[in-house]
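# Structural overview
One letter stands for each residue in the lines below.
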Amino acid sequence: MGKIFNVSADCKQNLHYMVDISERLPKIKKLIDAGEYFSISRARQYGKTTTLRALKKYLQEEYLVISLDFQKLDAAKFQDGNIFSLAFASYFIQVMEREYRFRGWESSEELEELRETVKNSPKTFSLFELFGHLSRICETAQLPAVLMIDEADSAADNQVFLDFLSQLRSCYIDRDETPGFHSVILAGVYDIKSLKLKIRSETDHQTNSPWNIAADFDIDMSLSKQGIEGMLKDYEKDYQTGMNSRELAVFIYDYTSGYPYLVSRICKLIDEKIAGTVQFPDKNAAWTKAGFLAALRLLLQEENTLFESLDNKLIDFPQLKQMLQELLLNGRIMEYVPGDTGIRMAVMFGFVILKNGIVSVSNRIFETRLYNGFLAEKSRQLHISQTAPEERNQFFVSGQLDMELVLQKFVSYYTELFGDYKEHFLEDNGRCLFLLYVKPIINGTGNYYIESKTRTNRRTDVIIDFNGQQIIVELKIWHGEEYHRRGEEQLSGYLDEYHLKRGYLVSFNFNKNKKTGVHKIVYGDKVLIEAVV
């Protein structure tokens with residue numbers, strides 16, 4: 001059986017098509033060579049486990065790598081320090097024995113001593129005793145010992161875990177006097193470095209992080225365009241589809257920003273769901289821009305483990321959902337200020353990234369899916385989302401979307417349904433109303449996304465991909481003639497980027513003397529169709 005695109009657990013080179021991540025390993029090794037303790041904190045399904053496993057192989061000539069996974073320890077193992085210490089010691093012994101066999105070493109006396117202690121004194125065995133044994137094992141090991149713990153935050157809200165971190169902290173601080181792990185890596189979603197441990201009495205209310213000794217881990221773990229292209233070329237060697245691997249790599253990266261799960265999921269959908277359909281009868285037809293867009297539609301409509309995780313975070317943290325709604329629906333510009341836990345949480349879970357201190361949604365797929373979810377909530381309150389589906393066929397001419405007619409109908413329905421609404425409501429909800437109207441029209445055939453670099457409280461560009469057709473629509477709130485002229489200039493420049501000669505404007509004008517309707521503007525060699533509501 002040939003390789004497949006993998007979206008479950010870690011990627012294995014002999015089984016899966018995967019992006020070469022070898023360039024990041026020397027960068028991580030520099031931290032290890034320096035004896036740093038650090039955490040790899042990234043969002044769900046961001047390649048942490050794949051990286052750790054590749055790193056272990058990369059280090060094995062110079063280091064004794066002890067690789068653990070805290071998900072293998074059930075919740076009962078974190079009840080108290082004694083139970084945890086026994087469980088950790090047993091797990092550690094198993095992994096060390098396997099490592100010794102791999103290297104052809106005999107089991108050390110210190111490891112046997114740990115085994116006997118666990119066996120003979122189970123009720124008194126504590127973290128203090130555990131780390132005493134670990135120190136002696138590290139002291140006599142034939143190579144410097146590196147401890148890796150995947151899913152380290154599985155019990156991050158547990159006092160036992162915090163006590164464990166404190167022991168690692170002491171190990172780091174005392175390493176010039178007491179032998180210990182040369183380097184420690186903790187991987188997980190939550191930023192372990194920000195966990196707090198009380199070190200004074202309750203009355204003092206002082207806190208300190210038990211992992212405040214951790215070095216910064218700033219290595220980019222997203223997948224590059226070049227890396228994605230290399231993976232596609234590996235696939236092409238097996239199937240000779242004739243794909244333009246560079247072009248497809250750009251499309252995939254532009255929508256995913258290199259988020260590992262999303263990259264693999266899109267490729268998997270093209271390979272396993274799109275190829276073989278009526279529209280794309282074979283792999284040659286599927287590995288095209290049209291096939292990519294079809295896979296993108298499937299992805300945005302499905303429930304998968306990543307999307308379920310994101311949805312649960314919105315439920316668990318209402319303030320996170322509110323922040324994202326303000327960012328997306330209201331076009332609010334958000335600047336990160338140190339100490340802003342809401343934004344820090346959004347970054348940690350992978351919803352947003354920071355660009356020069358300004359908050360942006362991580363990728364187009366997340367942005368569109370969040371928009372879809374927020375719009376679905378709005379659609380239950382606003383009737384406009386029900387109008388377009390009833391008449392959607394009129395908007396298609398020879399398989400293409402008649403965007404000018406869409407604007408004409410939108411102006412008509414908008415005026416009829418919202419003519420008497422307050423200006424504040426319309427200013428806050430104008431973009432939502434437009435997308436609520438358009439989304440049902442293009443569903444099943446087209447995609448849309450919001451161009452993040454133009455999303456402000458005054459201007460938003462919506463890009464619609466429909467059956468090979470690309471449509472740019474600028475949504476803006478009227479702020480005078482000068483601002484309007486600048487908007488036309490900006491849209492013209494944006495059309496140049498997409499090599500288009502026709503663009504669309506939707507202006508929300510709250511002047512009492514405004515003239516509503518749809519009209520054409522000739523701007524240089526471009527035609528701009530403007531709808532004023």
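Residues numbered from 1 in each chain as written. Predicted model: local features only at pLDDT ≥ 70, side-chain atom pairs only at ≥ 80, totals over all residues. Heavy atoms only, no water.

## With respect to the overall build of the protein
This is how the line gets drawn: Segments assigned H or I by DSSP are reported as helices when at least four residues long, segments assigned E as strands when at least two residues long, and all are numbered from the N terminus. Think of it in three bands: residues with accessible area under 20% of the maximum for their type are buried, residues over 50% are exposed, and the middle band is partly exposed, with areas taken using a 1.4 Å probe on protein chains only. The criterion used for residue contact is that any of the two residues' heavy atoms lie within 4.5 Å. Computed with a 1.4 Å probe, the accessible areas rest on the Shrake-Rupley method; for each residue, only the protein chains presented here act as cover. Residues scored as positive are Lys and Arg, those scored as negative are Asp and Glu, and His as well as the terminal groups of each chain are ignored. Taken as the charge location is NZ of Lys, CZ of Arg, CG of Asp or CD of Glu.
If you tally the helices and strands in the protein, you get 19 helices and 18 strands. Viewed in the frame of its principal axes, the protein has a C-alpha envelope of about 85 × 65 × 35 Å. Within the protein, the proportion of its 533 residues that are buried is 52%. A fraction of 69% describes how many contacts in the protein between residues 6 or more apart in sequence connect residues 24 or more apart. As displayed, the protein offers around 25000 Å² of accessible surface, 47% of which is attributable to carbon and sulfur atoms. Distance from the positive charge centre (65 side chains) to the negative charge centre (74 side chains) of the protein: 4 Å.

## Brief notes about the environment of Arg265
Structurally, Arg265 can be placed in helix α9 (residues 260-274). Looking at Arg265, the relative accessible area reads 15%, which means it is buried. Separated by 83 residues in sequence, Arg265 and Met348 place their C-alpha atoms 21 Å apart.

## Observations regarding the pattern of salt bridges
Cut-off, in case you're wondering: Take a side-chain nitrogen of Lys or Arg and a carboxyl oxygen of Asp or Glu: if they are within 4 Å of each other, that pair is a salt bridge.
Per the stated rule, a full pass over the model turns up 24 salt bridges. Glu112 serves as the salt-bridge partner of Arg115, at 3.2 Å between the closest nitrogen and oxygen. Of this pair, Arg115 and Glu112 both sit in helix α4 (residues 109-120), separated by three residues, roughly a single helical turn. A salt bridge links Lys237 to Asp234, with the shortest nitrogen-to-oxygen separation between them at 4.0 Å.

## Focus: helix α1 (residues 25-33)
Our working definition: Of all possible arcs, the one meant is that of the directions from the helix axis to the C-beta atoms.
Burial in α1 covers these residues: Leu25, Ile28, Lys29, Leu31 and Ile32. With its buried residues spanning 155 degrees around the axis, α1 presents them on a single face. Buried residues along α1 sit in contact with β3 (37-41), α2 (48-59), β5 (145-150) and β6 (183-188).

## Looking at the confidence of the model for the protein
Put simply, the rule reads: What pLDDT reports is the predictor's confidence in each residue, on a scale of 0 through 100.
For the protein, the mean per-residue pLDDT works out to 88, and 90% of the residues sit at or above 70. Low pLDDT, under 50, characterises residues 197-206; the stretch is placed with 11 contacts to residues that sit more than four places away or in other chains.

## Examining unusual backbone geometry
Non-glycine residue Ala9 carries a positive phi angle of around 60 degrees. Within the element layout of this structure, Ala9 appears in the loop between β1 (4-5) and β2 (16-17). A positive phi is found at His499, a non-glycine position, where the angle reads about 60 degrees. Examined against the element boundaries, His499 turns out to sit in the loop between α19 (481-497) and β16 (502-508).

## Notes on the packing of aromatic side chains
Rules: Whether two aromatic rings pair depends on their centres lying within 6.5 Å, for rings of Phe, Tyr and Trp, where Trp uses its six-membered ring; planes under 30 degrees apart make the pair stacked, over 60 edge-to-face, and the rest tilted. Should the NZ of a Lys or the CZ of an Arg lie within 6 Å of a ring centre and within 35 degrees of the ring normal, that charge is described as sitting over the ring.
Tallying each qualifying case throughout the model produces 34 aromatic pairs. When the centroid spacing of 5.9 Å and the interplanar angle of 40 degrees are considered together, the rings of Phe84 and Phe88 count as tilted. Of this pair, Phe84 and Phe88 both sit in helix α3 (residues 81-103), four residues apart, which is roughly one turn of the helix. An identical accessibility class is assigned to Phe84 and Phe88; each is buried. Arranged with centres 5.2 Å apart and planes meeting at 75 degrees, the rings of Tyr255 and Tyr449 form a pair that is edge-to-face. Residue Tyr255 is located in helix α8 (residues 245-256), and its partner Tyr449 is located in strand β13 (residues 446-451); the two are separated by 194 residues in the primary sequence. Classification of Tyr255 by relative accessible area gives buried; the value is 5%. Grouped by ring-pair contacts, the aromatic residues Phe70, Phe78, Phe84, Phe88, Phe92, Phe131, Phe161 and Phe164 constitute a single cluster. When the ring centre of Tyr239 is taken as reference, the NZ or CZ atom of Lys283 above it lies at 4.9 Å. The ring of Tyr255 has Arg364 lying over it, and the distance from NZ or CZ to the ring centre is 5.1 Å.

## A word on the pairing of strand β4 (residues 64-69)
The test is simple: Two strands pair if DSSP finds at least two bridges between them.
Within β4, five of the six residues are buried, which leaves it mostly tucked inside the rest of the structure. Examined bridge by bridge, β4 and β5 share six bridges and lie parallel to one another. Along β5, the bridge assignment pairs Ile66 with Leu147.

## Here's the deal with the packing of helix α12 (residues 305-316) against helix α13 (residues 318-328)
The condition is simple: All axes are obtained by fitting lines to C-alpha atoms, using only the stretch in contact for helices, and the reported angles, taken between N-to-C directions, cover 0 to 180 degrees. To sort the angles, those under 35 degrees are grouped as roughly parallel, those over 145 as roughly antiparallel, those from 65 to 115 as roughly perpendicular, and the leftovers as oblique. We call Asp, Glu, Lys and Arg charged. Ala, Val, Leu, Ile, Met, Phe, Trp, Tyr, Cys and Pro are nonpolar, and the rest, Gly among them, are polar.
Two elements in contact, α12 and α13, have axes separated by 5 Å at closest approach and are oriented at 105 degrees. As the angle between them shows, α12 and α13 are arranged roughly perpendicular. Facing Lys313, Leu314, Ile315 and Asp316 of α12, the residues of α13 in contact are Pro318, Leu320, Lys321 and Leu324. Split by residue class, the contact of α12 with α13 holds five nonpolar, no polar and three charged.

## Some remarks on α13
For α13, every residue scored as buried is listed here: Leu320, Met323, Leu324, Leu327 and Leu328. Looking straight down α13, one finds its buried side chains confined to an arc of 120 degrees; they lie on one side.

## Digging into the side chain of Ser135
With respect to the secondary-structure elements, Ser135 resides in helix α5 (residues 127-140). In contact with Ser135, other than residues within four places in its own chain, are Thr178 and Pro179.

## Some details on the environment of Phe466
Note on placement: Phe466 falls in strand β14 (residues 459-466). Residue Phe466 is classed as buried on the basis of its relative accessible area of 2%. Remark: the alpha-carbon pair of Phe466 and Lys233, spanning 233 residues in sequence, is separated by 27 Å. Beyond its immediate stretch of four places on either side in the chain, Phe466 contacts Phe396, Gly399, Gln400, Leu401, Ile442, Thr445 and Gly446.

## Quick word on the sheet that holds β5
Through backbone hydrogen bonds, the strands of a sheet pair up, either in parallel or in antiparallel fashion. A sheet is described by the order of its strands in space; here four strands give the open sequence β3-β6-β5-β4, paired in parallel fashion. Strands at the two margins of the open sheet, each flanked by one partner only, are β3 and β4. On average, adjacent strands in this sheet sit at an angle of 15 degrees to one another, irrespective of strand direction.

## A look at the packing of α13 against helix α14 (residues 341-348)
Where α13 meets α14, the axes come as close as 10 Å, and the angle between the chain directions of the two elements is 90 degrees. With respect to their mutual orientation, α13 and α14 come out roughly perpendicular. When α13 is examined against α14, the residues Gln319, Leu320 and Met323 are found in contact with a partner set consisting of Gly342, Ile343, Met345 and Ala346. Tallied by class, residues from the contact of α13 with α14 come to five nonpolar, two polar and no charged.

## Regarding the state of the cysteines
Spelled out, the test is: Only a pair of cysteine sulfur atoms within 2.5 Å qualifies as a disulfide here.
This structure, assessed with the given rule, holds zero disulfides. A disulfide-free cysteine, Cys171 has its sulfur positioned 6.6 Å from the sulfur of Cys138, the nearest such atom. By relative accessible area, which is 14% here, Cys171 ends up buried.

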